[in-house]
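Now for the letters of each chain:
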Amino acid sequence: MASSLSSLCSPHHSLFLRVKLRRCCSLTASALSKSHVSVASSSAPYSLSSRYWIPSLAFSKSFSHFHSHSANKSTFSKLGPNATLPDFVAQAAVAASESQQESTSVSELSNRSRIYHETYGCQMNVNDMEIVLSIMKKAGYSEVVGIPESAEIIFINTCAIRDNAEQKVWQRLNYFWFLKRQWKSNVKIGRADSKYPPKVVVLGCMAERLKDKILDADKMVDVVCGPDAYRDLPRLLEEVDYGQKGINTLLSLEETYADISPVRISTNSVSAFVSIMRGCNNMCSFCIVPFTRGRERSRPVESIVREVGELQNDGVREIMLLGQNVNSYNDDSGVDKSIEPGTNWKFSEGFSSMYKVKNMGLRFSDLLGCLSTEFPDMRFRYTSPHPKDFPDDLLFLMRERYNICKSIHLPAQSGSTSVLERMRRGYSREAYMDLVKKIRDIIPDVGISSDFICGFCGETEEDHQDTISLIKDVGYDMAYMFAYSMRERTHAHRNYVDDVPEEVKQRRLTELIEAFRESTGRCYDSQIGTVQLVLVEGPNKRAPETELIGKSDRGHRVIFRNTLVPSQLGLATDEVEVRNPRIGDFVEVHIKKSTKASLFGDALALTNLSLFHKASDPPLVASCGH
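The rules we used
- Residues numbered from 1 in each chain as written.
- Predicted model: local features only at pLDDT ≥ 70, side-chain atom pairs only at ≥ 80, totals over all residues.
- Heavy atoms only, no water.
- Patch = residues over 30% accessible without salt bridge, like charges linked within 9 Å, V, L, I, M, F, W, Y side chains within 5 Å.
- Areas by Shrake-Rupley, 256 points an atom, 1.4 Å probe, with all protein chains shown as cover.
- Salt bridge = Lys/Arg side-chain N within 4 Å of Asp/Glu carboxyl O.
- Helix = DSSP H or I, 4+ residues; strand = E, 2+ residues; numbered from the N terminus.
- Buried < 20%, exposed > 50% of the residue type's maximum accessible area, 1.4 Å probe, protein only.
- Contact = heavy atoms within 4.5 Å.
- Core = buried A, V, L, I, M, F, W, Y, C linked by side-chain atoms within 4.5 Å.
- Pairing = 2+ DSSP bridges.
- Axes fitted to C-alpha atoms, helices over the stretch in contact; angles between N-to-C directions.
- Expected span 1.5 Å × (residues − 1).
- Phe/Tyr/Trp six-rings, centres within 6.5 Å; stacked < 30°, edge-to-face > 60°.
- Lys NZ or Arg CZ within 6 Å of the ring centre and 35° of its normal.
- Disulfide = S-S within 2.5 Å.
- Right-handed = clockwise from strand over helix to strand, strands pointing away.

I'd like to hear about a nonpolar patch on the surface, residue by residue, with values.
Together, L564, V576 and V578 make up a nonpolar patch on the protein surface, roughly 290 Å² of accessible area in all. By the element assignment, V578 lies in strand β22 (residues 577-579). Look at V578 and you get exposed, because its relative accessible area is 52%.

If you want it as structure tokens, here you go:
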């Protein structure tokens, strides 16, 4: 054994050791003294004997440095003739540690790589980018720059929901490819100042959906990493240093990144995103999300409470809870797994799902109740929910808790029952309208927003008119509307024909937008004369010196003059301070006028959530229900 190990450490095996054992974070002597080492790795382990397995990921980058500086006869002179493989590796680890002063550390190497990032798609992608930045910072990549020309690593976080989003990503990848291919000339003429050609990394849903196409695109991309593999990014980037492509798009049944504190992209923001669950089980026929983000799994409640507490300490005043199907949240981490599937799991009346809940744990209403109690002066919103998961207890909780915003996103997608059936949404038009009525009966001052897709497979003019009438009947505060684009791997791609011409889709989309503008105007007009609690987000860009802007409880944008107003916050009951509102303040605003996109009013006083809602004479509220 000793002679064979000696031959392995001879100079002509230097390249072998460098290639096979290049990746590492060093193993301790105690860990290596065990008779069997088993470390999870995406690469196959290398066997140096029939008894011992040494995974390639178990060794540090400093091993090759150790070989050149420390792998001499004296290094192993302490080992006796009966030394075993663990003895050898333990001594090697000690020698590598002793030589670390002479080598360049991992963090020093990483700090040379500046990061630039772009994000496309939903709020979930924004939160994912914050998780990525946290992982990279921990690995030593600490500097983020504002332009790609100054970066050695370029992250582009992608969305695969619609074809338009993918086309934008391809355009940006072409430019990043130019920065990499023409790096020397770009630096020479001052177009770029990166220290070496940038590594281009594609993240997110598009990475999972089009991984092979992206990697084959003429050396355009170096690393492709799916939504559940972000922890692997430092290793994937190292693969590029050795002339390989880095790819990991494996989906997980467990990954929630619950233990990672995201690096906030907007450091001075008064609001923040907090991801509470990932994936989706709904399998709507038009949607690619279950295939790019996997099955639903929820973070434990305590991890969410911890993150919100950290954000409160950082000055955040409003939290947006995120999930692909946020109100299907189900923390079963402390639940007896022997419970019969589906027990006590109730959907909204008239709604159904193909997926059967295996283990029922703490539901979304439990989480919201915990957060609203624990943080009484923080405001909570959430997106994006599914209409099937609005049990009565969730609606009553929203009515009772003043710090849960009276705003519900209720995606309809279509107003036609036949189209909804082909979409596999699990409800009819009538069930959806009944839910809207129940919501407004329980929460009279609620604001409702929605999603709509026009031109889905087989949609007729009659179906389209059903959607227009739904928009008018409900009266939405806001809506996201899109022309349908077929996505590969979906149920629709396998079973339907995209038979609505593009020009018809665009005409129908225009008609939906016109119908929406008519109904949303009524919603905004209904707020005139009321007093709204507004969280100040910053100066109004159109008049930054004289006006401030913020959001009301219902999510309406509110603009008001930046003037002196009274405040009793933090003072004795008989004292009053007069000052201008600041970012992060809650302000009572009397609404004077409206447009179809904004409210305008006068600031009355500085306050907080509990004071505003506990006032003996509560402010006027209004509803745009019909």
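Before we move on, could you go through the environment of I583 and cite the residues and values that matter?
Relative to the assigned elements, I583 resides in the loop between β22 and β23 (586-594). Measuring from C-alpha to C-alpha, the distance between I583 and L535 comes to 8.0 Å, with 48 residues separating the pair along the chain. Contact partners of I583, with chain neighbours within four places excluded, come to V270, V536, E537 and G538.

Requested: an account of unusual backbone geometry, with residues and values cited.
Here the bond from T383 into S384 is cis, since omega is 0 degrees, no more than 30 degrees from zero. Locating S384 in the fold gives a position in the loop between β14 (379-383) and α16 (392-400). Positive phi is not limited to glycine here, since R424 has a value of about 60 degrees. Structurally, R424 is set in the loop between α17 (417-423) and α18 (429-442). Judged by its relative accessible area of 25%, R424 falls in the partly exposed class.

I'd like a description of the nonpolar core, backed by residues and values.
Ranked by size, the top nonpolar core spans 57 residues in total, and within it I276, I319, F364, I408 and Y476 carry the most contacts. If you tally residues by element for this core, the top one is α18, at six residues. Counting residues in hydrophobic clusters, the runner-up holds 22 residues, among them M129, I153, F155 and I260.

Go over the pairing of strand β16 (residues 447-454) with me, naming the residues and quoting the values.
For β16, the buried fraction is high: eight of the eight residues fall into the buried class. The two faces of β16 match: G447, S449, D451 and I453 on one face and I448, S450, F452 and C454 on the other face are all buried. Here strand β15 (residues 407-409) pairs with β16 via three bridges, running parallel. Looking at β16, one finds that S407 is bridged to G447.

Report on the environment of V223, specifying residues and quantitative values.
With respect to the helices, strands and loops of the structure, V223 is situated in strand β6 (residues 223-225). The contacts of V223, once residues within four sequence positions are left out, are V200, V201, V202, L233, L236, L237, V240 and G246.

Give me the sheet that holds strand β5 (residues 199-204): which residues, what numbers.
The parallel open sheet is built from five strands, whose spatial order is β3-β4-β5-β6-β7. Looking at which strands have only one partner, the edges of the open sheet turn out to be β3 (115-119) and β7 (246-248). Adjacent strand axes in the sheet meet at a mean angle of 15 degrees when their direction is disregarded. Relative to β6, β5 is paired through three bridges, and the arrangement is parallel. In the sheet register, V201 faces β6, and the bridge partner there is V223. Running at roughly 160 degrees to β6, helix α12 (residues 233-241) makes contact with β4 (153-158), β5, β6 and β7 of the sheet.

Please give an account of the sheet that holds β14 that cites residues and values.
Hydrogen bonds between backbone groups are what pair the strands of a sheet, and the pairing can be parallel or antiparallel. What the three strands build is an open sheet, ordered β8-β11-β14; its pairing is parallel. Two strands in the sheet have a free side with no partner beyond their single neighbour: β8 (271-275) and β14. Shown here is a sheet whose adjacent strand axes are inclined to one another by a mean of 25 degrees, direction ignored. As judged from the five bridges shared by β8 and strand β11 (residues 318-322), these two strands associate in the parallel manner. Among the inter-strand pairings, F273 is bridged to a residue of β11, identified as M320. Here helix α14 (residues 301-313) sits on the sheet in contact with β8, β11 and β14, set at roughly 165 degrees to β8.

I'd like to hear about α14, residue by residue, with values.
With 13 residues, α14 ought to run about 18 Å at 1.5 Å a step, and its terminal C-alpha atoms sit 19 Å apart, in line with that. Three or more residues of α14 are buried, namely V301, S303, I304, V305, E307, V308, G309 and L311. On its buried face, α14 sits against β8, β11, β12 (330-331), β13 (362-363), α15 (364-374) and β14. At the C-terminal side of α14, G315 shows a positive phi close to 95 degrees.

Break down the pattern of salt bridges for me, with residues and values.
Per the counting criterion, the structure on display carries 33 salt bridges. For K438, the salt bridge goes to D392, with nearest N and O atoms at 3.0 Å. Separated by 46 residues along the polypeptide, K438 in helix α18 and D392 in helix α16 bring together distant segments of the chain. The partly exposed category is assigned to D392, whose relative accessible area is 35%. E511 serves as the salt-bridge partner of R507, at 3.6 Å between the closest nitrogen and oxygen. Of the two residues, R507 and E511 both sit in helix α21 (residues 502-525), four residues apart, roughly one turn of that helix.

Can you explain α12? Please cite residues and give values.
Counting buried residues in α12 gives eight out of nine residues, a clear majority hidden from the surface. Here α12 has its buried residues at L233, P234, R235, L236, L237, E238, E239 and V240. On the buried face of α12, the contacting elements are α7 (123-138), β4, β5, β6 and β7. After α12 finishes, the residue G243 shows a positive phi value of roughly 80 degrees.

Just give me the short version of the packing of aromatic side chains, but keep the residues and values in it.
Across all of its chains, the model carries eleven aromatic pairs by this definition. Measuring from ring centre to ring centre gives 5.8 Å for Y230 and Y257, while their planes differ by 20 degrees; the resulting arrangement is stacked. Here Y230, found in the loop between β6 and α12, pairs with Y257, found in the loop between β7 and β8; they are 27 residues apart in sequence, far enough to count as distant. Of the two residues, Y230 and Y257, both sit in the buried class. Three or more aromatic residues joined by ring pairs form one cluster here, namely Y116, Y175, F176 and F178. A cation over an aromatic ring shows up here: R181 above the ring of W177, its NZ or CZ 4.1 Å from the ring centre. When the ring centre of F600 is taken as origin, the NZ or CZ atom of K593, which lies over that ring, is 5.1 Å away.

Any chance you could break down the state of the cysteines for me, citing the residues and the numbers?
Tallied over the full model, the rule gives zero disulfides. The thiol of C205 is unpaired, and the distance to the nearest cysteine sulfur, on C159, comes to 6.2 Å. What makes C205 buried here is its relative accessible area of 5%.

Please set out the pairing of β3 residue by residue, giving values where relevant.
Every other side chain in a regular strand lies on the same face of the sheet, so the side chains alternate between the two faces. Within β3, four of the five residues are buried, which leaves it mostly tucked inside the rest of the structure. As defined by bridge partners, β3 adjoins β4 across five bridges and the pair is classed as parallel. Following the sheet pairing, I115 is matched in β4 by I153. Traced from β3 through α7 to β4, the parallel crossover comes out left-handed.

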